[in-house]
Amino acid sequence: MVRRDVAGILFDKDGVLFDFQGTWGRWVVDIIAHFAAGDGALATRLADALDVDLTTGLVRRGSFMIAGTADEVADAFTSVLNHRDPRDVIRVLEETAERVPLVPAVALRPTFMDLRARGLKIGLATNDLEAAARAHLSTAGVLDCFDFIAGADSGHGAKPAPGMCNAFASAMALPSERLVMVGDATHDMHAGRAAGFTCVAVLTGVAHAKDLAPHADAVLRDIAALPDWLDRPAGA
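Every residue gets a number counted from 1 within its own chain, in the order that chain's sequence is written. Residue-level local features of this predicted model are given only where pLDDT is at least 70; pairs of side-chain atoms are given and counted only at 80 or more, and the full residue set underlies all totals for whole chains, interfaces and linings. Note that water and hydrogens are dropped before the side-chain values are worked out from all heavy atoms of the structure.

What to know about the pairing of strand β4 (residues 121-125)
Right, so step 1: Only protein chains enter the calculation, and the probe is 1.4 Å; a residue is then buried if its accessible area is under 20% of its type maximum, exposed if over 50%, and partly exposed in between. Comment: elements are numbered from the N terminus, with helices defined as DSSP H or I runs of at least four residues and strands as E runs of at least two. A large share of β4 lies buried, amounting to four of its five residues.
Right, so step 2: Bridge count for strand β1 (residues 8-11) against β4 is four bridges, and the pairing is parallel. Residue pairing in the sheet places Leu10 in a bridge with Gly123 of β4.
Right, so step 3: Two strands pair when backbone bridges link them, and β4 and strand β5 (residues 148-150) are joined in this way by three bridges, in the parallel orientation. In the sheet register, Gly123 faces β5, and the bridge partner there is Phe148.
Right, so step 4: Taken together, β4, helix α6 (residues 130-139) and β5 form a β-α-β motif whose crossover is right-handed. For two strands to pair, DSSP has to find at least two bridges joining them. A crossover counts as right-handed when, viewed with the strands pointing away from the observer, the path leading from the first strand over the helix to the second turns clockwise.

Okay, structure coming up:
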């Protein structure tokens, strides 16, 4: 039973549904190696452009990749790989991103089935491309759990602007005060706040609790903690 007056939840994807470092840290290191083709200096320039630590294989906390759009990631690659056809670079990025080995942050299907059993509308708002997001949700076996899916290319803008949040509220015909934005980055919190949503941060991305707490109404370890949070009286 939902004690809070919540009717719908809008989720970010990377760092929320999927562990950010386990999924995208591995991907970007592999892609850097692919494009560098053994050229250590080129690999270093690419890593610097993306704010990736090649020694640890981790995306740094301040990297734009945490909340950046697919176009921004592509621009960072093409700015360094200026000897390559940008169309070829973007094709490789898009194809590999859709097939990236996903590391779920929690057991996703039981979590979403619990939320749906409560009568909640479920949405996704990601700065990734919509097609990639749908492919990832399908691979994870949870595409059918979502009532709304938007990417940065879906016509609603990208976070931290509130367009995707507003589109979710409109599509579900629900007032913003009954909706929740769940994310792992301040971009998500700013988007949700601007749309009038309650904002919940989770710690399965790169940011720490101290980074997120000033911008969130609650900070949870992961989305599996949402049912317990929903069952607490508001303000608890």
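The discussion continues.
Regarding the state of the cysteines
Right, so step 1: Any two cysteine sulfur atoms within 2.5 Å of one another count as a disulfide. A complete count under the given rule lists zero disulfides for this structure.
Right, so step 2: We note that Cys199 lacks a disulfide partner, and the nearest cysteine sulfur, in Cys165, lies 7.6 Å from it.

Observations concerning the environment of Ala131
Right, so step 1: Locating Ala131 in the fold gives a position in helix α6.
Right, so step 2: Expressed as a C-alpha distance, the spacing of Ala131 and Asp153, which sit 22 residues apart in the sequence, is 9.2 Å.

Topic: the packing of aromatic side chains
Right, so step 1: Any pair of Phe, Tyr and Trp rings, taking the six-membered ring for Trp, is counted once the centres come within 6.5 Å. Such a pair is stacked with planes under 30 degrees apart, edge-to-face with planes over 60 apart, and tilted for the rest. Under the counting rule described, the total for this entry stands at five aromatic pairs.
Right, so step 2: Taking 5.2 Å as the distance between ring centres and 80° as the angle between the ring planes, the aromatic pair formed by Trp24 and Trp27 counts as edge-to-face. On the criterion of helical spacing, the pair formed by Trp24 and Trp27 is a turn pair, its members being three residues apart in helix α1 (residues 20-36).
Right, so step 3: Taking the relative accessible area as the measure of exposure, Trp24 reaches 6% and is therefore buried.
Right, so step 4: Through pairs of rings, three or more aromatic residues link up here, namely Phe11, Phe112 and Phe146.

Topic: the pattern of salt bridges
Side chains that carry opposite charge are capable of pairing whenever their charged atoms lie near each other.
Right, so step 1: By definition here, a salt bridge exists when the distance from a side-chain nitrogen of Lys or Arg to a carboxyl oxygen of Asp or Glu is within 4 Å. Following the criterion strictly, the structure yields 18 salt bridges and no others.
Right, so step 2: As a salt-bridge pair, Asp211 and Arg61 come within 2.6 Å of each other at their nearest N and O atoms. Here the residue Asp211 occupies a position in helix α9 (residues 209-212), and Arg61 occupies one in the loop between β3 (58-59) and α3 (70-80), the gap between them amounting to 150 residues.
Right, so step 3: Judged by relative accessible area, which is 40%, Arg61 ranks as partly exposed.
Right, so step 4: Between Asp88 and Arg84 there is a salt bridge, with its nearest N and O atoms 2.6 Å apart.
Right, so step 5: Its relative accessible area of 21% is what places Asp88 among the partly exposed residues.
Right, so step 6: In this structure, a network of salt bridges that share partners links the residues Arg84, Asp88, Arg91 and Glu95.

Function-wise, these values are silent; they only describe arrangement.
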